[in-house]
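Overview (structure and organization)
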Amino acid sequence: MVQRIVTGMRSTGKLHLGHYLGVIQNLVELQNKYESFFFVADWHALTTKYDKTETLRQDINDVVIDWLASGIDPDKATIYVQSLVPEIAELNIYLGMITPQNWVERDPTLKDMAKILRTKEGLNSQIGFGLMGYPVLMTADILMFNADAVPVGSDQIAHIEITRDIARRFNNIYKTDYFKEPAALLNDCALICGLDGNKMGKSFQNDIKISDTEEVTSKKIMTAITDRSRLRKDDPGHPDECEVVFKYWKIFGSEEQIAQVRSECEKGQRGCADCKRQLGALINEKLRPIREKRKYYEAHPEEVRRIILEGSEKARIQARKTLLDVRELIGMYQK
Ligand code: TRP
């Protein structure tokens, strides 16, 4: 039988190359092999941004448009918005009942989120009840579709552990084997670093967005750091110590291009500025088809909306079935 995967991305707005190379390309492959449920986790976004909702709708749209432009196919994968499948909230309630408080309190990923929140918003910022429930809600997302596996980055492993624990506890308490214990399917978010050599991230202002124009992309590449020990352009370079630019060449270039860049750089025949100009052109060339598709969806918001609404209805059909079973297993009053 085909295995099922579920994964969500918080609605953080336009996605960057780190997302594209690390996560989305992976999903584009996986959708051919698995029955796939991909959703925008807008409730999870609210756990920390409940007071910044002005851009929420646009952020959801931007994530879905980036997915579609990158090749996630609504005919293969079910694409939906978490809050448009309200059954997930009901499952969240049942799972919350059986989850010991200290399981969520010791979740390291949640502790990290709380730490970041405190540094950003000040020491007095309160951790909301909703944020404490983050791993339980995530468990509801996953168990709702009884996923076999969950494609995530390594920062999410602790959450998936809790998901497995909660699934097991549910099965024990209600004497069933209804829920599978899903496995994490790790993707490699560290594939591409940011322009400054650190992890690529929107809040670090070191990212290249899928949706950036070619001009912006080229300009950003010009700011990337290179071999710091190289002062003049005919000094011999050290591609392996070139912290960003040569790494990008290795991601985007052909074998031949990479070999040529290396040899010219080592011989002092290639200045860093020229090298970056060429790299910018190459990245733009690679992203051109995706960006064109992105423009198409931006110009056809009604089509994006239809995809979201149809996907969410499809997800609800499965969600209703699961809830009916879960209510029965727990012993809730049935209609
Ligand atoms: N917590 C995930 C993240 O921040 C997003 C997410 C929410 C998720 N629910 C999920 C991922 C369910 C996988 C499955 O990236």
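What you see is a predicted model; the values in this text were computed from it and never measured. (Residues numbered from 1 in each chain as written. Predicted model: local features only at pLDDT ≥ 70, side-chain atom pairs only at ≥ 80, totals over all residues. Heavy atoms only, no water.)

Re the domain arrangement of the protein
Per the domain assignment, the segments of the protein are domain 1 (4-192 + 301-330) and domain 2 (212-294). For domain 1 and domain 2, the distance between their C-alpha centres works out to 36 Å. Contact residues are listed per partner, giving 13 residues for domain 1 and 8 residues for domain 2. Considering only the side of domain 1, the residues that lose the most area to domain 2 are Leu17, Ala69 and Ile192, jointly responsible for 49% of the buried surface there. One can count 2 salt bridges joining domain 1 with domain 2. For Arg294, the salt bridge is made with Asp62, and the minimal N-O distance between the two is 3.2 Å. The interface formed by domain 1 and domain 2 includes 3 residue pairs in polar contact (both at pLDDT 80 or more). If you list the elements that add at least two residues to the side of domain 1 that touches domain 2, you get helix 1 (17-33) and helix 3 (56-70). If you tally residues by element for the side of domain 1 that touches domain 2, the top one is helix 3, at 6 residues. Each residue belonging to the side of domain 1 that touches domain 2 can be placed in one class, and the counts come to 8 nonpolar, 2 polar and 3 charged. (Domains from an automatic or database assignment. Contact = heavy atoms within 4.5 Å. Buried area = accessible area lost by both parts, 1.4 Å probe. Salt bridge = Lys/Arg side-chain N within 4 Å of Asp/Glu carboxyl O. Polar contact = N/O pair within 3.5 Å; in protein donor to acceptor, adjacent residues only side chain to side chain. Helix = DSSP H or I, 4+ residues; strand = E, 2+ residues; numbered from the N terminus. Nonpolar A, V, L, I, M, F, W, Y, C, P; charged D, E, K, R; others polar.)

What about the site of the ligand?
The immediate surroundings of the ligand are formed by 13 residues, with Arg10, His44, Tyr134, Asp141 and Gln156 found nearest. In the environment of the ligand, a nitrogen atom lies 2.7 Å from a nitrogen or oxygen atom belonging to the side chain of Tyr134. Gln156 is positioned with one of its side-chain polar atoms (N or O) 2.8 Å from a nitrogen atom of the ligand. Coverage of the ligand by the protein chains reaches 92% of its 360 Å² of free accessible surface. Elements with a minimum of two residues in the shell around the ligand: strand 1 (4-10), strand 2 (35-41), helix 8 (134-143) and strand 4 (149-152). For the shell around the ligand, the element with the highest residue contribution is helix 8, accounting for 4 residues. Taken together, the residues that form the shell around the ligand break down as 7 nonpolar, 4 polar and 2 charged. (Near = heavy atom within 4 Å. Areas by Shrake-Rupley, 256 points an atom, 1.4 Å probe, with all protein chains shown as cover.)

Some remarks on the environment of Ile93
The topology assignment puts Ile93 in helix 4 (residues 87-98). Along the sequence, Ile93 and Val136 sit 43 residues apart, while their C-alpha atoms lie 8.9 Å from each other.

Section: helix 13 (residues 272-299)
For helix 13, which comprises 28 residues, the first-to-last C-alpha distance of 38 Å matches the rise-based estimate of 40 Å (1.5 Å per residue) to within 8%. Of all the bends in helix 13, the greatest reaches close to 50° and is centred on Arg288; the proline Pro289 follows between one and four positions later. Buried within helix 13 we find Cys275, Lys276, Leu279, Gly280, Leu282, Ile283, Asn284, Leu287, Ile290, Arg291, Arg294 and Tyr297. Check the buried side of helix 13 and you find it contacts helix 1, helix 3, helix 10 (214-222), helix 11 (245-252), helix 12 (255-266) and helix 14 (301-330). (Expected span 1.5 Å × (residues − 1). Bend = angle between axes of the 7 residues up to and from the residue. Buried < 20%, exposed > 50% of the residue type's maximum accessible area, 1.4 Å probe, protein only.)

Side note on the nonpolar core
Core analysis: the biggest nonpolar cluster contains 54 residues, and Ile24, Trp67, Ile72 and Tyr248 have the highest contact counts within it. With 8 residues, the single largest contributor to this core is helix 1. Discounting chain neighbours no more than four positions away, the residues touching Trp67 are Met9, Leu15, Ile24, Phe38, Phe39, Val40, Ile72 and Ile79. Counting residues in each nonpolar core, the second largest holds 39 residues, with Phe39, Tyr94, Ile142 and Ala147 among its members. (Core = buried A, V, L, I, M, F, W, Y, C linked by side-chain atoms within 4.5 Å.)

Let's talk about the pairing of strand 1
Where burial is concerned, most of strand 1 is hidden: 5 out of the 7 residues are buried. By the bridge criterion, 7 bridges tie strand 1 to strand 2 in an arrangement that is parallel. By the bridge assignment for strand 2, Arg10 is matched with Ala41. With helix 1 bridging strand 1 and the parallel strand 2, this β-α-β connection has right-handed handedness. (Pairing = 2+ DSSP bridges. Right-handed = clockwise from strand over helix to strand, strands pointing away.)

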